[in-house]
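Inside the fold
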Amino acid sequence: MSDTALPATGDLTGKVAFVAGASRGIGAAVAEGLAAAGASVAVAARSEQEGALPGTIHAVAQRITAAGGRALAVQCDVTSEESVDAAIAATVAEFGGIDILVANAGVMWLAPIEKTPLKRWQLCLDVNLTGVFLVTKAVIPHLRARGGGSLIAITTTGVDMVDRGANAYWISKAAVERMYLGLASDLRGDNIAVNCLSPTRVVLTEGWQAGSGGREIPPEMVEPPEAMADAAVLLAAQNADGITGTVQRSEHLIAAR
Ligand code: NAP
């Protein structure tokens, strides 16, 4: 699809979206954006009560329903196949199917390899890579049953920053991009769009603040979470005839519409 053929907005009326990692930050903004575009949204993450970081699946789901949308708060740990399968089953039971996945759950660890404890390495791979694998694997049959749909994995511009070294976070996201680019070929015949999406700049979420080690970001490098929500709505409206097999940056995608 050419850039000029991009829809101005995505109309997701009648669609069902599963957003993994939607209790706060970018995932919460994306869940609210998809719901505002007409989708019924499963708000999935672990937090049912306020913990060290603010935000719960229930609070996000309540914001969506208060705004006139449809939402289901569903407890989900993306590192557990059992938990993922139960969350997907609950979503299908409530909304009748799934058309859209946003695999957003993520943890950040930016320290160099020599300063990375094994447990941090494993956490990054478990949440950021295996988590995407598990939710993607679980939703594919449901998208196929609907005759198509859209898979979106949230990655990072850090994948390309090889001049800034290596860390578990960027490596885990690089693997996700390889998974999704290949999956786009596998699922083209099923009319399923498969894309990666990352912020163009930094979104100052709770998780970013906690994981960045107090790094100062100049204001011109800060992006509002709504940019990711708008870009996710655009990608969510795609199928295999549209944008697929790409790595998108939020503000670039929005500017191209
Ligand atoms: P955040 O504020 O820390 O939010 C992370 C979300 O992931 C939370 O909803 C958290 O929910 C969920 N999560 C973490 N572990 C999980 C698990 N095991 N199972 C289910 N959910 C889990 O982070 P963010 O900044 O919004 O980042 C969201 C995504 O964007 C991440 O994939 C991140 O890598 C990516 N990203 C962010 C930026 C940025 O500038 N902020 C830049 C590039 C890419 P619970 O704790 O409730 O489970």
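Residues numbered from 1 in each chain as written. Predicted model: local features only at pLDDT ≥ 70, side-chain atom pairs only at ≥ 80, totals over all residues. Heavy atoms only, no water.

1. Focus on the sheet that holds strand β1 (residues 16-20)
- Read across the open sheet, the 7 strands follow the order β3-β2-β1-β4-β5-β6-β7; overall the sheet is parallel. With one partner strand each, in any of the chains shown, β3 (70-75) and β7 (246-249) form the two edges of the open sheet. Strand-to-strand twist across the sheet, computed as the mean angle between neighbouring axes with direction ignored, equals 20°.
- The pairing of strand β5 (residues 149-154) with strand β6 (residues 192-198) spans 6 bridges and is classified as parallel. Bridge pairing links Ile 152 to Asn 195 in β6. (Pairing = 2+ DSSP bridges. Helix = DSSP H or I, 4+ residues; strand = E, 2+ residues; numbered from the N terminus. Axes fitted to C-alpha atoms, helices over the stretch in contact; angles between N-to-C directions.)

2. Quick look at the site of the ligand
- With respect to spatial proximity, 28 residues lie near the ligand, and among them Arg 46, Ser 47, Tyr 169, Lys 173 and Thr 205 are the closest.
- For the ligand, an oxygen atom lies 2.5 Å from a polar atom in the side chain of Tyr 169.
- Gly 207 places a polar main-chain atom, nitrogen or oxygen, 3.1 Å from an oxygen atom of the ligand.
- Summarising the interface, the protein chains cover 93% of the accessible area of the ligand, which totals 890 Å² for the free molecule.
- Of all the elements in the fold, those that place two or more residues in the shell around the ligand are α1 (25-36), α5 (168-187) and α6 (206-211).
- A breakdown of the residues in the shell around the ligand according to their chemical character gives 13 nonpolar, 11 polar and 4 charged. (Near = heavy atom within 4 Å. Polar contact = N/O pair within 3.5 Å; in protein donor to acceptor, adjacent residues only side chain to side chain. Areas by Shrake-Rupley, 256 points an atom, 1.4 Å probe, with all protein chains shown as cover. Nonpolar A, V, L, I, M, F, W, Y, C, P; charged D, E, K, R; others polar.)

3. Observations regarding the pattern of salt bridges
- Enumeration over the complete set of coordinates arrives at 6 salt bridges.
- Of the charged contacts, one joins Asp 160 and Arg 249 as a salt bridge, the two residues approaching to 3.0 Å between their closest N and O atoms. One end of the pair, Asp 160, is in the loop between β5 and α5; the other, Arg 249, is in strand β7, and 89 residues separate them in sequence.
- A salt bridge links Arg 201 to Glu 251; its shortest N-O distance comes to 2.7 Å. (Salt bridge = Lys/Arg side-chain N within 4 Å of Asp/Glu carboxyl O.)

4. A closer look at the state of the cysteines
- This model, assessed by the stated rule, comprises 0 disulfides.
- You can see Cys 76 has no disulfide; the closest cysteine sulfur is in Cys 124, sitting 18 Å from it.
- Left unpaired, Cys 124 is separated from the closest cysteine sulfur, that of Cys 196, by 17 Å. (Disulfide = S-S within 2.5 Å.)

5. Description of the environment of Ser 185
- Structurally, Ser 185 can be placed in helix α5.
- Residue Ser 185 is classed as exposed on the basis of its relative accessible area of 52%.
- Between the C-alpha atoms of Ser 185 and Thr 244, which are 59 residues apart in sequence, the distance is 8.8 Å. (Buried < 20%, exposed > 50% of the residue type's maximum accessible area, 1.4 Å probe, protein only.)

6. Observations regarding helix α2 (residues 57-66)
- Listed in full, the buried residues belonging to α2 are Ile 57, Val 60, Ala 61 and Ile 64. When α2 is viewed along its axis, its buried side chains cluster within an angular range of 95° and face the same direction. Facing away from the buried side of α2, by more than 90 degrees, are the exposed residues Gln 62 and Ala 66.
- On its buried face, α2 is in contact with α1, β2 (40-45) and β3.
- Two residues or fewer after α2 comes Gly 68, characterised by a positive phi angle close to 95°. (Arc of directions from axis to C-beta. Contact = heavy atoms within 4.5 Å.)

7. With respect to the packing of helix α3 (residues 81-95) against helix α4 (residues 118-145)
- Axis separation between α3 and α4 bottoms out at 9 Å; the angle between their running directions is 35°. Considering how the two elements wind past one another, α3 and α4 form a crossing that is right-handed. Of α4, the residues touching α3 (which contributes Glu 81, Val 84, Asp 85, Ile 88 and Val 92) are Leu 134, Val 135, Lys 137, Ala 138, Val 139 and His 142.
- Per-class residue counts for the contact of α3 with α4 are 7 nonpolar, 1 polar and 3 charged. (Left-handed = near helix turned anticlockwise from the far one by under 90°.)

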